[in-house]
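What the coordinates show
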Number of protein chains: 2
Amino acid sequence: MSSVARLAEIGALIGDPTRCAMLVALMDGRALTASELARAAGVTPPTASSHLAQLTQADLLSVIRQGRHRYHQIASAEVARMLEGLMAVASRTAAPQRVVATGPRDQSMRDLRTCYDHLAGRHAVAIADGMAARGQIVLSPDGGRLTEAGEALLRTLSIDVPAEPGLLVRPCLDWSERRFHLGGGLGAALQQAFLTRGWIRRSEGSRAVSLSPDGRRALADLFDLEALRA
Amino acid sequence: MSSVARLAEIGALIGDPTRCAMLVALMDGRALTASELARAAGVTPPTASSHLAQLTQADLLSVIRQGRHRYHQIASAEVARMLEGLMAVASRTAAPQRVVATGPRDQSMRDLRTCYDHLAGRHAVAIADGMAARGQIVLSPDGGRLTEAGEALLRTLSIDVPAEPGLLVRPCLDWSERRFHLGGGLGAALQQAFLTRGWIRRSEGSRAVSLSPDGRRALADLFDLEALRA
DNA sequence: CAGATGCTTCGACCGAGGTCGAACCATCGA
DNA sequence: TCGATGGTTCGACCTCGGTCGAAGCATCTG
């Protein structure tokens, strides 16, 4: 298959609303079952099965079999990056969404949620802003850099500072905020550190992430987040 | 329209082989007419017109009217980045293409060509490798950084070194080489510098870029490209 | 072994959309 | 004003693929 044909194949896979809903649901980096994805996309199991087979066949998803369950997940960070690129264009030109029945879950999603392997949402944007304001990172649309001050911060969190500095900052356009948060190795390392410290906890069946009281205090102090002190 | 629906819309647009061929043809950053794009995609003018209207309507392309010509181009760097992300995934999993009738044009395309606003191909990969080997840049899949040595190189080329250093290196996976070359602000600045010096020249009706004798010598010296001395 | 549950395959239906020829509109040159 | 050329609109055709119910397969539990 030529590269153009393969490109069109991937586009066609993303071009169906049902498959799209599944991919978006999987963008939090977790593996979900066919039934969960069928519910998320609002179709019957046979339809979901057909779509998942196509996405897996095309190496956009990978499957882990565990007993009678089959867990589907985004196949690679490269695929996740591709989807982020698409979402950035989609969110920029999408008409402002009607806000319908904004429940507590929606609010917590907007506050903090996972984005494949890192954190997104209002607080994640604030963290990126705070680090940039204090000169711990330098951001641009094409990439970013970790500074000496940033390395110092990572050491206080016991995150290994890589030998090659400045290579792990990737800005990621935030759906809800339309501003940048931290992806790349830095974003992943921060999320990992917050999880192991029990500062954040993933919710069941949602990309939303909840803050523990400890986490709320710690993040407020570390990144000067006034919103978390309220 | 919801974000998911907009995402699916963009996917569907990319999902048609004809539109895909047009987008790929436009990825060199130049503006092409409807007729040229119809030829590139192998369809009749009415078909091309319909597709171009859709792509323009969705803000993936923009149109410049000049007399009875209408020049179509990629609407933004963001769209170009999105397409690069798709191509990275597409090229990684695409079956090795049958090499059919490799003409001189194909060879020069593989050597050096434009990739939206920067250079790609064998020599572009060699330039990125050379700069990395000599510590002028540091590369990773998520971003890169310009070093002191790299800034010195830019000064010898009379390229303005930005106030915030290290923000303009974006690795871009090369179709033909399957390795990284330089995108982002640095890639664009280098291409611009080479063009204004007359070292490279864009071909008519192709993404291929030709090297002048001067350019061949200059690039060979600047980046230690043995391939260019032969 | 038997029932329950998760998931897939099969077959039939149906709507969406890509394609082209013909005709039409817009702009340029003489 | 009158071709000539670039580009679009219209209408008819036809294929492709998404959808679901029914049935079948696989795996766990009792």
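Residues numbered from 1 in each chain as written. Chains lettered and ligands numbered in written order. Predicted model: local features only at pLDDT ≥ 70, side-chain atom pairs only at ≥ 80, totals over all residues. Heavy atoms only, no water.

By the naming in an unreviewed UniProt entry, chain A is Transcriptional regulator, taken from Phenylobacterium deserti.

Attention shifts here to the nonpolar core. Judged by nonpolar contacts, the single largest core of 66 residues is most densely connected at A:I74, A:L86, B:I74 and B:L86. With residues up to four places along the chain from it excluded, the contact list for B:L86 reads A:L7, A:I10, A:I14, A:M82, A:L86 and B:I14. (Core = buried A, V, L, I, M, F, W, Y, C linked by side-chain atoms within 4.5 Å. Buried < 20%, exposed > 50% of the residue type's maximum accessible area, 1.4 Å probe, protein only. Contact = heavy atoms within 4.5 Å.)

Right, let's talk about the pairing of strand β3 (residues 69-74) of chain B for a bit. Residue and element names in this part refer to chain B. Here strand β1 (residues 32-33) pairs with β3 via two bridges, running antiparallel. Each bridged residue has a counterpart across the sheet, and for L32 the counterpart in β3 is H72. Of the pairings in the sheet, the one linking strand β2 (residues 61-66) to β3 comprises six bridges and is antiparallel in character. Opposite S62, over in β3, you have Q73 as the bridge partner. Between β2 and β3, which pair antiparallel in sequence order, lie two residues; one of them, G67, sits at a positive phi of approximately 60°. (Pairing = 2+ DSSP bridges. Helix = DSSP H or I, 4+ residues; strand = E, 2+ residues; numbered from the N terminus.)

Once that is clear, we can look at the layout of surface pockets. Residue and element names in this part refer to chain A. Taken as a whole, the second largest pocket encloses approximately 230 Å³ of empty space. Every residue along the wall of the second largest pocket is listed here: T33, A34, S35, S49, L52, A53, T56, V63, R68, H69, R70 and H72. If one sorts the elements of the lining of the second largest pocket by residue count, helix α4 (residues 45-57) sits on top with four residues. Its residues assigned to classes, the lining of the second largest pocket shows four nonpolar, six polar and two charged. (1 Å grid on protein atoms, 1.4 Å probe; cavity = no way out; pocket = protein on both sides within 12 Å on 5 of 7 lines; lining within 4 Å. Points joined across faces, edges and corners; volume = space filled by probe spheres on them. Nonpolar A, V, L, I, M, F, W, Y, C, P; charged D, E, K, R; others polar.)

What follows deals with the packing of helix α3 (residues 34-41) of chain A against α4(A). Residue and element names in this part refer to chain A. Viewed as axis vectors pointing N to C, α3 and α4 meet at an angle of 105°, and their least axial separation amounts to 9 Å. One finds that α3 runs roughly perpendicular with respect to α4. Counted together, A34, L37 and A38 of α3 and P45, A48 and L52 of α4 form the full contact between these two elements. Split by residue class, the contact of α3 with α4 holds six nonpolar, no polar and no charged. (Axes fitted to C-alpha atoms, helices over the stretch in contact; angles between N-to-C directions. Parallel < 35°, antiparallel > 145°, perpendicular 65-115°, else oblique.)

This part covers the sheet that holds strand β2 (residues 61-66) of chain A. All names here are of chain A. The strand order across the open sheet built from three strands is β1-β3-β2, with neighbouring strands paired in antiparallel fashion. Of all the strands in the sheet, just β1 (32-33) and β2 have a single pairing partner and so form its edges. Each of β1, β2 and β3 (69-74) is contacted by helix α2 (residues 17-26), which is oriented at about 85° to β3, the strand it contacts most. Those strands touched by α4 are β2 and β3, and its axis lies near 115° from that of β2.

Glancing now at the environment of A:A38. Residue and element names in this part refer to chain A. In this fold, A38 is placed in helix α3. Once the C-alpha coordinates of A38 and T18 are considered, the two residues, 20 residues apart in sequence, prove to be 8.7 Å apart. Aside from chain neighbours lying at most four places away, what touches A38 is V43, T44, P45 and A48.

The next subject is the protein's contact with DNA strand D. Looking at DNA strand D, there are 21 residues lining it, with A:T47, A:H51, A:G67, B:S35 and B:S49 nearest. Take the atoms of DNA strand D that sit within 4 Å of the protein: sugar and phosphate atoms are 80% of them. A:T47 places a polar side-chain atom, nitrogen or oxygen, 2.7 Å from a phosphate oxygen of DNA strand D. Within the residue set of the surface near DNA strand D, elements represented by two or more residues are α2 and α4 of chain A together with α3 (34-41), α4 (45-57) and β3 of chain B. (Near = heavy atom within 4 Å. Polar contact = N/O pair within 3.5 Å; in protein donor to acceptor, adjacent residues only side chain to side chain.)

In this section: the protein's contact with DNA strand C. In the vicinity of DNA strand C, 21 residues are found, and the nearest of them are A:S35, A:S49, B:T47, B:H51 and B:G67. Atoms of DNA strand C within 4 Å of the protein belong to the sugar or the phosphate in 80% of instances, the rest to bases. Within the side chain of B:H51, an N or O atom sits 2.5 Å from a phosphate oxygen of DNA strand C. Secondary structure elements with two or more residues in the surface near DNA strand C: α3, α4 and β3 of chain A together with α2 (17-26) and α4 of chain B. Of the residues assigned to the surface near DNA strand C, the class counts are five nonpolar, 10 polar and six charged.

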